[in-house]
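# Per-entry structural report
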Amino acid sequence: MPRPIRATVHLDALSHNLSRARLAAGDAKVWAVVKANAYGHGIERVFEAMRAADGFALLDLSEAQRVRALGWRGPILLLEGAFELRDLELCSRLDLWHVVHCDEQIDMLATHKTQVPHRVFLKMNSGMNRLGFRPDVFRAAWTRLNALPQVDEISLMTHFSDADGQRQGRSGIEHQVEVFLRTTHDLSGERSLCNSAATLRHAAQPFGHAGALAADWVRPGIAVYGSAPDHPEHTSTQWQLRPAMTLSSKLIATQTLAAGDTVGYGSTYQATGPQRIGVVACGYADGYPRHAPGGPSVGAPVLVEGVRTRLVGRVSMDMLTVDLDPVDRARAENGLPLVGIGAEVVLWGTSHTGAVLPIDEVAQAAGTISYELMCAVAARVNFE
Ligand SMILES: *Cc1c(COP(=O)(O)O)cnc(C)c1O
């Protein structure tokens, strides 16, 4: 029998979350961001739910090929554009739209031989300082691109560094919106600015003469997978998002501790009295964060048969340990027996009881973000 750990992808949740993003985006078209193998969910697995989007945004050319192989004829956007000249051949062949963020990519386009001109998204570095042309050279890049026979329509885009919060005491997007508007006000072309956080928090806000900040295209990623982009300011429940992934396993052993007994490597947890704990078939080799706390005062949250409890002791490679006392107490109140080997454990997502453990809470406990947990689910975990 395989180890009982598995990841379940919920297509109904993906559809629901995508429609939440669409609702927030008003009239804008929606790129479903499926980079990093759909944030670890698997492009092929999410495709049926995601085809309700207007396009797919990603950055790996092999992932673009996989989306085309699934039969998608609509727009695909390469968020980092071409890495080398022959990538542009694939763009021509597969009709991929691509970001242009640097002069070298314009040089590549200028030497690219193509029958069909490319649809490009010219990226502005409006303050994030990762990819894009700075405002003072953005218009020159636009003029150069616009003169190339290899280029069809030019769309304008930028990416926010702080859409989930504040930046220097102001709304996290204000400064970059100003820079973008000032630089692009008289340029033609579609516009795309909003990631999940900006879509949910700011998409309806006024945006120059173009209407709302959602503009022509929004680019939600994490929200579609059911995580709140601005956790803990808002929770996924507050945004009405549902977990698209459940990571679940089972108890493979239980132990009864006496006062003074310790648990796991480093003996970081010590029982203060009699206590039952459960051993779960899930460890850091499955992608569960080793830094999730299991100390005397705080333990990362986990569900056992739908009842919330917490980690005790360190996460090891293949196992972790959880406090069973809250589970047994809650079950006793309902006349249910103690849990034992085979009991369901939800590391994040939705229990068979309907109880939900948001991935954001696990990420926060482990000092990381939901994105990292989703992307880190290991290859040895079977998906269903
Ligand atoms: C990843 C990415 C997104 C999606 O971000 P989320 O925070 O997951 O919504 C949008 N735009 C660009 C350019 C990205 O790289």
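Residues numbered from 1 in each chain as written. Predicted model: local features only at pLDDT ≥ 70, side-chain atom pairs only at ≥ 80, totals over all residues. Heavy atoms only, no water.

When its secondary structure is counted, the protein shows 12 helices and 21 strands. Within the protein, contacts between residues at least 6 apart in sequence are counted, and of these 65% link residues at least 24 apart. Of the roughly 16600 Å² of accessible surface on the protein, 51% is carried by carbon and sulfur atoms. In the protein, which carries 36 positive and 40 negative side-chain charges, the distance between the mean positions of the two groups comes to 1 Å. (Helix = DSSP H or I, 4+ residues; strand = E, 2+ residues; numbered from the N terminus. Contact = heavy atoms within 4.5 Å. Areas by Shrake-Rupley, 256 points an atom, 1.4 Å probe, with all protein chains shown as cover. Lys, Arg positive; Asp, Glu negative; His and termini not counted. Charge placed at Lys NZ, Arg CZ, Asp CG, Glu CD.)

As a structural note, the neighbourhood of the ligand is formed by V33, K35, Y39, L79, H159, N195, S196, R219, P220, G221, I222 and Y371. In this structure, Y39 approaches the ligand through a side-chain N or O atom, which is 2.5 Å from an oxygen atom. Between a nitrogen atom of the ligand and a side-chain N or O atom of R219, the distance comes to 2.8 Å. In isolation the ligand offers 380 Å² of accessible surface; the protein chains occlude 93% of this area. Here the residues of the shell around the ligand are counted per class, giving six nonpolar, four polar and two charged. (Near = heavy atom within 4 Å. Polar contact = N/O pair within 3.5 Å; in protein donor to acceptor, adjacent residues only side chain to side chain. Nonpolar A, V, L, I, M, F, W, Y, C, P; charged D, E, K, R; others polar.)

Now for the environment of F207. Mapped onto the elements of the fold, F207 is located in the loop between α9 (196–202) and β11 (217–218). Separated by 29 residues in the primary sequence, F207 and E178 place their C-alpha atoms 9.4 Å from one another. Excluding residues within four positions of it along the chain, F207 makes contact with V177, F180, L181, L193, A212, L213 and A215.

Attention shifts here to the pattern of salt bridges. Scanning all chains against the criterion turns up 20 salt bridges. Residue R144 is joined to D107 by a salt bridge in which the shortest nitrogen-to-oxygen separation is 2.6 Å. Highlighted residues: R144 in helix α7 (residues 135–146) and D107 in helix α6 (residues 103–111), separated in sequence by 37 residues. Residue classification places R144 among the partly exposed residues on the basis of a relative accessible area of 35%. A salt bridge links R139 to D186; the nearest nitrogen and oxygen atoms lie 2.7 Å apart. In this pair, R139 is assigned in helix α7 and D186 in the loop between α8 (174–184) and β10 (191–192), connecting sequence segments 47 residues apart. Residue classification places R139 among the partly exposed residues on the basis of a relative accessible area of 34%. The exposure class of D186 is partly exposed, given its relative accessible area of 47%. (Salt bridge = Lys/Arg side-chain N within 4 Å of Asp/Glu carboxyl O. Buried < 20%, exposed > 50% of the residue type's maximum accessible area, 1.4 Å probe, protein only.)

What follows covers the side chain of N195. Mapped onto the elements, N195 comes out in the loop between β10 and α9. Taking the relative accessible area as the measure of exposure, N195 reaches 16% and is therefore buried. Those residues in contact with N195 that lie beyond four places of it in its chain are H159, F160, A163, R219 and P220.

This part covers the packing of α7 against α8. When two helices pack together, their arrangement is given by the angle between the helix axes and by the axis-to-axis distance. Two numbers describe how α7 lies on α8: the axes approach to 10 Å, and their chain directions differ by 40°. Here α7 lies oblique to α8, going by the angle between them. In this structure, the crossing between α7 and α8 has a hand that is right-handed. Residue-level contacts link P135, F138 and R139 of α7 to V179, T183 and T184 of α8. For the contact of α7 with α8, a count of residues per class yields three nonpolar, two polar and one charged. (Axes fitted to C-alpha atoms, helices over the stretch in contact; angles between N-to-C directions. Parallel < 35°, antiparallel > 145°, perpendicular 65-115°, else oblique. Left-handed = near helix turned anticlockwise from the far one by under 90°.)

Nonpolar side chains tend toward joint burial in soluble globular proteins. Counting residues in each nonpolar core, the largest one holds 112 residues, and the members touching the most others are L145, Y288 and W348. In terms of residue count, the dominant contributor to this core is helix α3 (residues 43–50) (five residues). No fewer than three residues from each of domain 1 (11–225) and domain 2 (245–383) sit in this core. Those residues in contact with Y288, other than ones at most four positions away along the chain, are C282, G283, A300, P301, L311, V315, L320, L347, W348 and V362. (Core = buried A, V, L, I, M, F, W, Y, C linked by side-chain atoms within 4.5 Å. Domains from an automatic or database assignment.)

Turning our attention to unusual backbone geometry. Most of the time, phi is negative for any residue but glycine, and the peptide bond is trans. Here the amide bond leading from H231 into P232 is cis, since omega sits at 5°, within 30 degrees of zero. Within the secondary structure, P232 is located in the loop between β11 and β12 (245–257). The phi angle at A38 is positive, at roughly 55°, despite the residue not being glycine. Tracing the sequence through the fold places A38 in helix α2 (residues 35–39). A residue is classified by how much of its surface remains accessible, and A38, at 0% relative accessible area, is buried.

On to the packing of helix α1 (residues 11–24) against α3, then. Interhelical geometry of α1 versus α3 gives an angle of 50° and a closest axis separation of 8 Å. In terms of orientation, α1 lies oblique with respect to α3. Crossing handedness for the pair α1 and α3: right-handed. Contacts between α1 and α3 pair L11, L14, S15 and L18 from the former with R45, V46, A49 and M50 from the latter. A breakdown of the residues in the contact of α1 with α3 according to their chemical character gives six nonpolar, one polar and one charged.

This brings us to α6. Turning to α6, its buried residues number three or more, namely Q105, I106, M108 and L109. Looking straight down α6, one finds that the buried residues subtend no more than 155° of arc, so they occupy a single side. Those residues of α6 that are buried lie in contact with α5 (85–94), β5 (97–100), β6 (118–124), α7 and β7 (151–158). (Arc of directions from axis to C-beta.)

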